[in-house]
Amino acid sequence: MKKMNHKPVQLKDKYKMVLPSIAVLLIVTLFPFLYTLNVSLHKVVGRNIRTEWPWVGLRNFINVISDKIMWNAFLRTVEFIAIVILVELVLGFMLALIFNQESILMRLMRTILIIPMVITPVVVGLMWKALLKLDGGLVNDLIGFLGLTPLPWLTSQPIPLFANFPIIGNFLVQHLNAKYSFLSLVVIDIWQWTPFVMLIFLSSLQSIPQEVKEAAQVDGAKYWQQVWFIIMPMLKPTLIVIFLLRTIDALKVFDTVYALYGSAADQRLLNVHVMNIALRLRNYGQGAALSILILIATSLISQWFVKFVNQGAVNE
Amino acid sequence: MNNRQLLRFIKKVPLFLLCILIFFIWITPIIWLIYGSFQSTDAIAQSNFSSELTLDNYKEVFERTNVLDFFINSIIVASTATFFSALIGIPAAYSMARWNTGGMGLAFWILSSRMMPPAVSIIPFFLMFTKIGIVDTVYGLIIAHLTFGLAFMIWMSRVFICEVPTEIEEAAKIDGANLWQTLTRVTLPLAKPGLIATMILNLIFSWNEYLFAFSLSLTEKSRTLPIVAGIFVTSYQIKWGPMFAAAGIITIPILILALLVQRHIIGGLTMGAFK
Amino acid sequence: MKNKNKWFSLLIGTLILALVISCAGQQAAEPAAEEPVVEEPAAEEESAEVLPLVKVVIMSGPEADGMKKVAEAYTELTGNPVEIVEQGRDTYLTLIPTQLLSGTDAFDLAFIQSTMVGELAQAGAILPLTPYLDALTEEEAQDVDLDDVLVPAMYAGEVYGLPTDISTLFLFYRSDLIPEPPDTWEETLELARQFSQSQNSASPTPYGIAFDGVPGESLPETFYNVMWSFGGEIVDANGEVAVDNEGAIAAGNFWRTLAQEELVPPEILSWGFGEVLAAIESGEVAMAVPAWNAAYPMILNGSSEFKDVIKVATVPGVEQADGTILATPYTHSYFFALNSAGKNLDAAFKFLSWATGKEGGLIYAKAGGAPSRKSIFTSAELADVRPEFPLMLASLEIAKMGPPICFWPEHIDAMNTALASILDLSATPEEALSTAAESMRQAQAACE
């Protein structure tokens, strides 16, 4: 250590500085976790919320695991996150490459593209609800204008492209959500977050030193070769970070789904399902059990991510 | 114009068209939303905008709902949560940045509290707050917002503080400054752009937050603004006009705020993205 | 040494924070500092120390609009200020039970649905009205007249709410095209074929029939009008789930036929109340059945070119072995209940009993509501304004309510899935209804 005479002061101070945060974090994470655990082991419903909570052991957990709707929502959520992140990364990267130039137009575009990220998600949901209406919706009006048949965006009708797939068509529709309602959700999320991904890629593109690009050009590399062999590897840490950020946020999606479909059982994502159990069914015990399971799952994912990110950092 | 200039100009055309396409995809819906809020419900339902603008929708929102109360609640909750997160988060971030306090364990805890879907907190918060009696109050909401706000604040601030070179702090210490003076006079001003960007982002996240507002702030005593848009889904139909107006009221302050500080937001978000 | 310090300060810090939070809890028990905006345009009473403000929550829409008129009249009559707070419908029905369970004191009267009464009463979130009813004067009791009320909200033998609205479903039909309304579903099917262009290219209307098809609270309730008349049950006499019995499947087949033969529009799964109303008003469909009674006054007061020829009748039924026709319209009611955590309960009860009483009910009926009172349905005063009231009474006499099951929301979800797959032809009624029955049995086991 450099300043020996300051050492004792330093050590005590550093703990003082984190203490309030740790205390608050305890209150909002650890304490609720323990409370939830307690609730999940009892029968707690609307009727007895103010009176006795009988002990039921693991019964709530068993009910949760045998709830088909929960698994459907879980699968839908995983599928949603996978598709959305993939498309956003690809699209965002491509757009970043295109926009990687200095000009007034580019700066204007970059400013404008913040807007979709900061709009209230609930407003985004309601806005698209109006835009995607079957008759009178702007999107379908446009499609009609171009001479194509309007699409039933917000209904659970199967998407013909997938439904007509040989052999697995039916499976795609029934179990992998190849319906318009799911498509709408995916499209809306992509709409909202691709600008974000693009902006992040853009700024890390801009931090690639000019010399590297020029050296590649001098060596005779064509544009696509430059991208593939030079730019993309340099962007790997950014890729990892965006992946992390978007996964975290996509796991939390609630507002748009609820605004579009309410708590319709066939369109639920996991968060809507938890809310449904908590508010409509008012089965707090079961909701608590589900919450605990989700918490465990996200903890495992976080652990994996942290390891992954650290590995990535170490390898740089 | 010679050939080379002509060629460059032509190369720019597809780019320009792309910009127009992007503008169309991303900005037109929002303009449509705002323009539509001045149209009647029927006009929106049939996508038949007229050039007459009406303020009826806004009038209906103000008459039928306690929009002002919600607005005030939103301001109270968002600013208090952000302020409090900054107050205790920034020192924590400093401590973690400089001395790696808590090491991997603490960092992981903060990350996972940010990863946690808020839905898992609504049941414990609802039951706990009901027992204590703060369930339908702004205090309850503020505490709930701290789950994501504090972790975000600490995580981002840590990055920006790391960017401040330690040599400058050493120099201050040689000049006799103690820890707190170093922090406030030297480090913070240097990290200010990033920290302010983070606080503003935090403010926006709290403002836009819907799930906790929906589950925990049950009546207009503590209701925040995003809920107001749902009021116009009535028994029999969706009243698009007032709903758009409500959406406008919710969105416009954020848009203004974001555009005013957009330079910081891009910088803050992207700088933070690398650690 | 340092470790002990660390843990000690951690502990102190947590305790201090917990203390701060619970103190905040104490303060929060008092109302928030913002002044509530009093909405109703009636004269505001400044003498609030004598007459306390009664706060009422209700869902937005015609109910809220009608109640505001009732509140205005009440304040003029008694000088007691009443504030009607609207909340959006979809979120309202989801949130009001949670609001009541949480013990918020933000309102005194809550507008609740029949299916919620048992849970809320058992949890102690709403108060039994018996003590208040017993304290009524002769005159007041006459106005409340429990015998006149069609369906009070009861739990464990006590009255917990007085009804504000009762709803049921009708057959809406174009009397210029259909002189005699059908009595049975079979006749309805024939008429639907006659008036659908898919079966009869000369039909004046594109589709013969429409109903609420959008998955939600309404879709299963609409289906029950059909299902019960065929002999299906949600739960049978022994309390066993029975939506997969023969009668229910027959009803499912009826709907499937309508969809298969394109007698209903293909977008029916996204048609809610508004769309069905618009369809019959514009002549897109010849019949709307089953459709909510509330549409009728809206048609009469609307601007449809067919408004004089659109008539209503009881929903059709199924002919029984003895020649009679079994028709089973679905009905549910909305009530006002007292929030046990409310602040001004005596004044609130006075408003409750008046608003749901004969006087208040009359005003509400004139404003478009359908109060649950025999006297109002037979009132001569309303015969012109609400010509469908005699039909309401007739339908209500044979109507059925949903059973008080503990798994109501789960069963709605299960039925929605089943009915949607029947209507979009992706599953047969047998498959769809047996899946639904399975989920319902699971839910039943979990909550009993």
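All of these numbers come straight from a predicted model, not from anything done at the bench.

Caption draft 1: Looking closely at the overall build of chain B. Helices and strands together make up the secondary structure of chain B, namely 12 helices and zero strands. Put simply, chain B runs from its N terminus to its C terminus through helices and strands in the order α-α-α-α-α-α-α-α-α-α-α-α. For chain B, restricting intrachain contacts to residue pairs at least 6 apart in sequence, the fraction spanning at least 24 positions comes to 78%.

Caption draft 2: Representation of the overall build of chain A within the structure. The number of helices and strands found in chain A is 16 helices and zero strands. The globule rule puts the C-alpha radius of gyration for 316 residues at 20 Å, and the 25 Å found for chain A is more than 25% above it. Its C-alpha atoms give chain A principal-axis dimensions of about 80 × 75 × 35 Å. In chain A, which comprises 316 residues, the proportion classed as buried is 45%. The long-range fraction of contacts in chain A, counting pairs at least 24 apart against all pairs at least 6 apart in sequence, stands at 66%.

Caption draft 3: Looking closely at the interface of chain A and chain B. The interface of chain A with chain B comprises 69 residues on the first partner and 74 residues on the second. The element best represented in the side of chain A that touches chain B is helix H1 (residues 7-40) of chain A, accounting for 15 residues.

Caption draft 4: Looking closely at the interface of chain A and chain C. Opposite the 28 residues of chain A that make contact, chain C presents 29 residues. For the side of chain A that touches chain C, the secondary structure elements donating two or more residues are H1 and helix H15 (270-281) of chain A. Of the residues forming the side of chain A that touches chain C, the biggest block, nine residues, is contributed by H1(A). Broken down by class, the residue content of the side of chain A that touches chain C amounts to 17 nonpolar, six polar and five charged.

Caption draft 5: Representation of the domain arrangement of chain B within the structure. All names here are of chain B. Structurally, chain B comprises domain 1 (3-57) and domain 2 (65-272). A straight line from the C-alpha centre of domain 1 to that of domain 2 covers 32 Å. Counting residues at the interface gives 10 residues for domain 1 and eight residues for domain 2. If you list the elements that add at least two residues to the side of domain 1 that touches domain 2, you get helix H1 (3-36) and helix H2 (41-45).

Caption draft 6: Spotlight on the packing of H15(A) against helix H6 (residues 119-132) of chain B. Following both chains from N to C, one finds H15(A) and H6(B) inclined at 20°, their axes separated by 8 Å at the closest point. Classified by the angle between their axes, H15(A) and H6(B) sit roughly parallel to one another. When the axes of H15(A) and H6(B) are compared, the crossing they make is right-handed. Of the residues in H6(B), those in contact with A:Asn271, A:Val274, A:Met275 and A:Ala278 of H15(A) are B:Ala119, B:Val120, B:Ile122, B:Ile123 and B:Phe126.

Caption draft 7: Layout of the nonpolar core. C:Phe172, C:Ala210, C:Met287 and C:Ala288 are the most contacted members of the largest nonpolar core, which has 303 residues in total. At 17 residues, helix H7 (residues 138-163) of chain B tops the list of elements feeding residues into this core.

Caption draft 8: Representation of H7(B). All names here are of chain B. A rise of 1.5 Å per residue sets the reference length of H7, with its 26 residues, at 38 Å; its end C-alpha atoms lie 36 Å apart and thus fit the reference within 8%. Where H7 bends most, at Leu-146, the angle is about 45°. Of all 26 residues in H7, 23 are buried, a share of seventy percent or more.

Caption draft 9: Examining the packing of helix H4 (residues 67-99) of chain B against helix H9 (residues 179-208) of chain B more closely. Residues and elements named next belong to chain B. Packing of H4 against H9 brings their axes to within 10 Å, and their N-to-C directions diverge by 145°. Our pair here, H4 against H9, has a crossing hand that is right-handed. Residue-level contacts link Ser-74, Val-77, Ala-78, Ser-79, Ala-81, Thr-82, Ser-85, Ala-86, Ile-90 and Tyr-94 of H4 to Leu-183, Thr-187, Leu-195, Met-199, Asn-202, Leu-203, Ser-206 and Trp-207 of H9. A class-by-class count of the residues in the contact of H4 with H9 yields 11 nonpolar, seven polar and no charged.

Caption draft 10: Unusual backbone geometry, seen in detail. C:Pro290 follows C:Val289 through a cis peptide bond whose omega is -5°. The residue C:Pro290 is located in strand S7 (residues 285-292) in this model. Even without being a glycine, A:Arg282 presents a positive backbone phi close to 55°. Positionally, A:Arg282 belongs in the loop between H15 and helix H16 (284-315). Classification of A:Arg282 by C-beta neighbours within 10 Å gives buried; the count is 22. Its identity is not glycine, yet C:Ala156 carries a phi of approximately 50°, on the positive side. By the secondary structure assignment, C:Ala156 is in the loop between strand S4 (153-155) and strand S5 (158-174). Note on C:Ala156: 9 C-beta atoms within 10 Å, which makes it exposed.

Caption draft 11: Main features of the environment of C:Thr164. All names here are of chain C. Residue placement: Thr-164 occurs in strand S5. Put simply, Thr-164 and Ile-112 are 52 residues apart on the chain and 9.6 Å apart in space, counted from C-alpha to C-alpha. Ignoring any residue separated from it by four or fewer positions in sequence, one finds Thr-164 in contact with Phe-111, Tyr-334, Phe-335, Phe-336, Ala-355, Thr-356, Gly-369 and Pro-371.

Caption draft 12: Broad picture of the environment of C:Val309. All names here are of chain C. Within the secondary structure, Val-309 sits in the loop between helix H11 (295-300) and strand S8 (310-314). Residue classification places Val-309 among the partly exposed residues on the basis of 13 C-beta atoms within 10 Å. Sequence separation between Val-309 and Glu-221 is 88 residues, and the spatial gap between their C-alpha atoms is 27 Å. With residues up to four places along the chain from it excluded, the contact list for Val-309 reads Arg-174, Ser-175 and Asp-176.

Caption draft 13: Expanded view of the confidence of the model for chain B. All names here are of chain B. On average, residues of chain B score 81 in pLDDT, and 89% of them are at 70 or above. Mean pLDDT values for the elements of chain B range from 58 in helix H12 (residues 262-272) up to 89 in H4. Counted against residues more than four places away or in other chains, residues 271-275, with its pLDDT under 50, gives 14 contacts. We note a pTM of 0.82 for the whole complex and an ipTM of 0.83 for its interfaces.

Caption draft 14: Summary view of the environment of A:Met127. Positionally, A:Met127 belongs in helix H6 (residues 121-131). In sequence terms A:Met127 and A:Ala259 are 132 residues apart; their C-alpha atoms lie 9.4 Å from each other. With residues up to four places along the chain from it excluded, the contact list for A:Met127 reads B:Pro29, B:Leu33 and B:Ala247.

Conventions used here
- Residues numbered from 1 in each chain as written.
- Chains lettered and ligands numbered in written order.
- Predicted model: local features only at pLDDT ≥ 70, side-chain atom pairs only at ≥ 80, totals over all residues.
- Helix = DSSP H or I, 4+ residues; strand = E, 2+ residues; numbered from the N terminus.
- Contact = placed C-beta atoms within 7 Å.
- Rg over C-alpha atoms; globule rule 2.2 N^0.38 Å.
- Buried ≥ 20, exposed ≤ 12 C-beta atoms within 10 Å, placed from the backbone.
- Nonpolar A, V, L, I, M, F, W, Y, C, P; charged D, E, K, R; others polar.
- Domains from an automatic or database assignment.
- Axes fitted to C-alpha atoms, helices over the stretch in contact; angles between N-to-C directions.
- Parallel < 35°, antiparallel > 145°, perpendicular 65-115°, else oblique.
- Left-handed = near helix turned anticlockwise from the far one by under 90°.
- Core = buried A, V, L, I, M, F, W, Y, C linked by C-beta atoms within 7 Å.
- Expected span 1.5 Å × (residues − 1).
- Bend = angle between axes of the 7 residues up to and from the residue.
- pLDDT = per-residue confidence, 0-100.

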